[in-house]
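Structural overview
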Amino acid sequence: MSATTSTRLYRNLLRELSKSSIFSRSARNPIITANLRAALSNRAVQDSTQCNDLESAIAFLSADRLYKGLLERYSPLHDLSEEERIKATARRVGLDTPEEYKP
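Okay, so let's go over this structure.

**Quick word on a nonpolar patch on the surface**
- There is a patch of nonpolar side chains on the surface, built from Leu66, Leu70 and Tyr74 and spanning about 350 Å² of accessible area.
- Mapping Leu66 onto the fold places it in helix α3 (residues 48-74).

Below you can see the structure in the form of structure tokens.
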């Protein structure tokens, strides 16, 4: 595998990791980046199998990020608590949940 291919894969993988991360850049674990850099800098272990594995990991991270975006867009109830979900479902069919009695 050439140096440009490993550089391209490394950059793509870091890009997908940063896009799919829920933490800010300063809060992310720097060990992940260091381990990726070390794994890709070792020229002895780079072959077509590792290249395919990295491309699969990039595709998985991209698809996972797209899936989360679609889930948020088309399933507005997925991140609500049980009580909020019940109220939203009742409102969707034109009902209101009764107020709880508090003595």
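**Thoughts on the pattern of salt bridges**
- Under the definition given, this model contains 5 salt bridges.
- For Lys68, the salt bridge goes to Asp64, with nearest N and O atoms at 3.5 Å. Taken together, the positions of Lys68 and Asp64, both in helix α3 and 4 residues apart, correspond to about one turn of that helix.
- Among the residues examined, Lys68 registers a relative accessible area of 41% and is labelled partly exposed.
- Arg85 is the salt-bridge partner of Glu82, the closest N and O atoms lying 3.3 Å from each other. Taken as a pair, Glu82 and Arg85 lie in helix α4 (residues 82-92) at a separation of 3 residues, close to a single helical turn.
- Residue classification places Glu82 among the exposed positions, given a relative accessible area of 52%.

**Let's talk about the nonpolar core**
- Leu9, Tyr10, Leu13, Leu36, Leu40, Cys51, Leu54, Ile58 and Leu61 form the largest nonpolar core, which has 9 residues in total.
- Where this core is concerned, the elements lending two or more residues are α1 (3-20), α2 (30-41) and α3.

**Notes on α3**
- With 27 residues, α3 should cover 39 Å at 1.5 Å per step; its first-to-last C-alpha distance of 38 Å lies within 8% of that length.
- Within the span of α3, buried status applies to Gln50, Cys51, Leu54, Ile58 and Leu61.

Cut-offs applied
- Residues numbered from 1 in each chain as written.
- Predicted model: local features only at pLDDT ≥ 70, side-chain atom pairs only at ≥ 80, totals over all residues.
- Heavy atoms only, no water.
- Patch = residues over 30% accessible without salt bridge, like charges linked within 9 Å, V, L, I, M, F, W, Y side chains within 5 Å.
- Areas by Shrake-Rupley, 256 points an atom, 1.4 Å probe, with all protein chains shown as cover.
- Salt bridge = Lys/Arg side-chain N within 4 Å of Asp/Glu carboxyl O.
- Helix = DSSP H or I, 4+ residues; strand = E, 2+ residues; numbered from the N terminus.
- Buried < 20%, exposed > 50% of the residue type's maximum accessible area, 1.4 Å probe, protein only.
- Core = buried A, V, L, I, M, F, W, Y, C linked by side-chain atoms within 4.5 Å.
- Expected span 1.5 Å × (residues − 1).

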